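# A closer look at the structure
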Amino acid sequence: MNWKDLLRMSSSNLKRRKLRTFLTVLGVVIGTASIVVMISLGLGLQESLYREVEQSGGLTTITVRGAQAGDSMIYYGDGEKEESVKYVNDQMIEKLSELEHIQTVSPVYELPVVLLKGRYEGYAQLVGMTPEGLQSKNIPLKKGGALPRTGTSRLDLVVGNGIPTMFTEKGTGKGYYETGELPEIDFSKDSLFLILDQDGYYAQQNNDSDSSNSPQPASEGVESGIQAKSQSVQKHIVRSSGIVEGGPDEYNANYYYIYCDLATLKQMLKKEFSGRVIPGQPSTRSGKPYKEFCYSYAMVKVDDIDQVDTVAASIRDMGYDVETNAEYLDSMKGQFAIVQAVLGGIGAVSLLVAAIGIANTMMMSIYERTREIGVIKVLGCSLKNIKQLFLLEAAFIGLLGGIIGNLLSLVMSAVINFVTGYGAAIGFDGNISYIPLWLILVSMGFAMLVGVTAGYFPALRAMRLSPLGAINGV
């Protein structure tokens, strides 16, 4: 009996028992779809991690942090200044630049700010970076957008695509997540008021609220008016030079941030807070501003990925905290491997149940076809042919279930991504479910393997039947 005859007989046997075949294939479909969708969730998280690392400068980028500026003070002793902690300042940036295998060192300063436009009020995290640092982030901008200009007195902003969702309407306090509507602001054209002194703005809002609710004598009113005037915060007129690509529901690594030129930001901060402590900056024991500007952290670009660990160790020896994207990726890979194993195991249970169903179907088929097996043996077919016949039937069930199961998993994956806003609803950058081609091929092969394995012992039973006993139905 050649392979053509075996294929024809296997397919015809399955067609004769359509309902039983359908139910058995359905079990494989559910098992395959379950395991593919479960693994796709882990792969989706992993792909999101890769995009986040790429947007953070890739595997050759090191984040260097010192003392949290603003949480500590500079102490003086014996008439000389002595730093009790190490900050990320210009001196530290210069020292890092002198290390071997360092390509670039970009200081970064982060500051919470308030944005105002008409009846709208928004809050955001302002990130000041050098032109080189901004270029290294590879921020995808909408058509016509550009990175902030440097060497100017006006602050240009690159606005994250999620910033519009951070605006609320004054008075009601309702925003995008309450009303489903974005503010009536054209961020590509309209100018906005930027408030750098967030604490001062809050204090002024509270004073205005108290003064409007509490009647005061005329003399006290004049005095409070003078006080409120002295506490008024400065509003800077700003415009956006570019907007991050993506809609309000498309989360990415730049979603919540506003980027600007660091040199321009420093100039504005020093001018506005002259004689005062700049927000986020350290101070002396007496509360005076520290004369050196301290950054939130520094982004170090290494020229060779093989030297990342060496450079990171050198910086740690200098007394700074170091985080590398490579270390972060390795740690997250281990966690994702556990997640994928758990999710894959849950899906594999369904496929195990399907394998039991295949074995049961094949055993029932043998009992019903005992005479047929006896005739085949009497006609001279080898035991190998009989084994191959039943294994092919089981393989057909596994293959058909694998194909339909993968089609179902693609539909389920699309539904999951749509329902979660393509990852935005749960804070991920991109699809939460990701099914690569290799997963489809592997799952189909695995479904066939499960079918063949489940049909192996029934095939052995068919081989061991006595020809005469089989013909007589014994």
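Residues numbered from 1 in each chain as written. Predicted model: local features only at pLDDT ≥ 70, side-chain atom pairs only at ≥ 80, totals over all residues. Heavy atoms only, no water.

## Here we look at helix H8 (residues 262-272)
Heads up, the rule is: Each residue is placed in one exposure class: buried if its accessible area under a 1.4 Å probe, protein chains only, is under 20% of its type's maximum, exposed if it is over 50%, and partly exposed if it falls in between. Numbered from the N terminus, helices here are DSSP runs of H or I no shorter than four residues, and strands are runs of E no shorter than two. Working rule for contacts: check all heavy atoms of both residues, and any pair within 4.5 Å makes them a contact. N or O atoms closer than or at 3.5 Å make up a polar contact, with two conditions inside protein: a donor-capable atom paired with an acceptor-capable one, and, for residues adjacent in sequence, both atoms drawn from side chains.
Considered for burial, the residues of H8 that qualify are Leu262, Thr264, Leu265, Lys266, Met268, Leu269 and Glu272. In this fold, the buried residues of H8 make contact with helix H3 (90-97), strand S5 (102-117), strand S6 (120-129), strand S10 (236-243), strand S11 (257-261) and strand S13 (294-295). One side-chain oxygen of the residue at the start of H8 lies 3.5 Å from the amide nitrogen of Ala263, identifying that residue as Asp261.

## Observations regarding the pairing of strand S15 (residues 321-324)
Formally: Note on pairing: DSSP must find at least two bridges between two strands before they are called paired.
Because side chains alternate across S15, one face comprises the buried residues Val322 and Thr324, and the other comprises Asp321 and Glu323, none of which is buried. Taken together, the four bridges between strand S1 (residues 61-65) and S15 define a ladder with antiparallel strand orientation. Among the inter-strand pairings, Val64 is bridged to a residue of S15, identified as Val322.

## A look at unusual backbone geometry
Phi at His101 takes a positive value of approximately 70°, unusual for a residue other than glycine. One non-glycine residue, Asn138, adopts positive backbone phi at about 55°. Positionally, Asn138 belongs in the loop between helix H4 (131-136) and strand S7 (156-159).

## Examining the nonpolar core
Our working rule: Nine residue types can take part in a nonpolar core, namely buried Ala, Val, Leu, Ile, Met, Phe, Trp, Tyr and Cys, and a core is a set of them joined through side-chain atoms within 4.5 Å.
Core analysis: the biggest nonpolar cluster contains 47 residues, and Ile62, Val64, Tyr109, Leu126, Leu196 and Leu269 have the highest contact counts within it. Of all the elements, S5 adds the most residues to this core, at six residues. With sequence-adjacent residues up to four places away left out, Ile62 is seen in contact with Ala298, Met299, Val300, Val302, Val308, Val311, Ala312, Val322, Glu323 and Thr324.

## A short note on helix H9 (residues 308-317)
Worth spelling out the cut-off: Directions pointing from the helix axis toward each C-beta atom define the arc.
Looking at H9, one finds that the buried residues are Val308, Val311, Ala312 and Ile315. One face of H9 carries all of its buried residues, which in axial projection span an arc of 100°. Residues of H9 that are exposed and point more than 90 degrees away from the buried face comprise Asp309 and Asp317. Buried residues along H9 sit against S1, H3, S5, strand S14 (297-302) and S15. Within two residues after H9, Gly319 carries a phi angle of roughly 100°, on the positive side.

## Describing the packing of aromatic side chains
The line we're drawing: Paired rings are identified among Phe, Tyr and Trp, the last through its six-membered ring, by centres lying within 6.5 Å, and are further divided according to the angle between planes into stacked (under 30 degrees), edge-to-face (over 60) and tilted (the rest). Here, a charge over a ring means that NZ of Lys or CZ of Arg falls within 6 Å of the ring centre while also lying within 35 degrees of the ring normal.
Evaluation of the coordinates by the stated rule reveals eight aromatic pairs. Both rings, one in Tyr255 and one in Tyr256, keep their centres 4.7 Å apart while their planes meet at 85°; by these two values the pair is edge-to-face. Relative accessible area serves as the criterion here: at 3%, Tyr255 is assigned to the buried category. The rings of Tyr109, Phe293 and Tyr295 are connected pair by pair, giving a single aromatic cluster. The aromatic ring of Tyr297 is capped on one face by Arg65, whose charged end is 4.6 Å from the ring centroid. Sitting above the plane of the Phe193 ring, Lys235 keeps its charged end 5.7 Å from the centroid.

## Focus: a nonpolar patch on the surface
Stated precisely, the cut-off is as follows: Excluding any residue in a salt bridge, patches collect residues exceeding 30% relative accessible area, merging like charges within 9 Å and nonpolar Val, Leu, Ile, Met, Phe, Trp and Tyr side chains within 5 Å. Under the convention used here, a 1.4 Å probe and the Shrake-Rupley method define accessible areas, while residue burial counts only the protein chains that appear. Any carboxyl oxygen of Asp or Glu within 4 Å of a side-chain nitrogen of Lys or Arg constitutes a salt bridge here.
A cluster of nonpolar residues, Leu19, Phe22, Leu23, Leu26 and Ile30, forms a patch on the protein surface that exposes about 500 Å² of accessible area. Within the secondary structure layout, Leu19 lies in helix H2 (residues 18-55). Residue classification places Leu19 among the exposed positions, given a relative accessible area of 60%.

## Observations regarding the environment of Gly31
Relative to the elements of secondary structure, Gly31 occurs in helix H2. Among the residues examined, Gly31 registers a relative accessible area of 0% and is labelled buried. Linking Gly31 and Ile346, residues 315 residues apart in sequence, is a C-alpha distance of 9.7 Å. Excluding anything up to four places from it in sequence, Gly31 contacts Gly347, Ser350 and Leu351.

## As for the environment of Ile62
Take Ile62: it is sitting in strand S1. For Ile62 and Ala326, which are 264 residues apart along the polypeptide, the C-alpha to C-alpha distance reads 8.7 Å.

## A few points about the pairing of S10
With respect to burial, S10 is a largely interior element, six of its eight residues being buried. With four bridges joining them, S7 and S10 adopt parallel strand pairing. If you follow Leu157 over to S10, its bridge partner there is Ser240. By the bridge criterion, three bridges tie strand S9 (residues 192-195) to S10 in an arrangement that is antiparallel. Directly across from Leu192, in S10, lies its bridge partner Val238.

## Notes on the confidence of the model for the chain
Short version of the rule: Per-residue confidence from the prediction method is given by pLDDT, with values spanning 0 to 100.
Residue-level pLDDT values for the chain average 79, and 78% of them are 70 or greater. Every residue in residues 70-84 scores below 50 in pLDDT, and together they form 30 contacts with partners more than four places removed in sequence or on other chains. pLDDT under 50 marks residues 216-230. Its contacts with residues more than four places away, or in other chains, come to two contacts.

## Considering the pattern of salt bridges
Scanning the entire structure with this criterion turns up seven salt bridges. Note that Arg119 and Glu184 form a salt bridge whose closest N and O atoms lie 3.8 Å from each other. One end of the pair, Arg119, is in the loop between S5 and S6; the other, Glu184, is in the loop between helix H5 (176-179) and S9, with 65 residues separating them in the sequence. Classification of Arg119 by relative accessible area gives partly exposed; the value is 39%. Note on Glu184: relative accessible area 61%, which makes it exposed. Residue Arg149 pairs with Asp156 through a salt bridge whose shortest N-O separation is 3.0 Å. Overall, Arg149 belongs to the partly exposed group, its relative accessible area being 46%. We classify Asp156 as buried; its relative accessible area is 4%. What you see here is one network of salt bridges that share partners, running through Arg119, Glu169 and Glu184.

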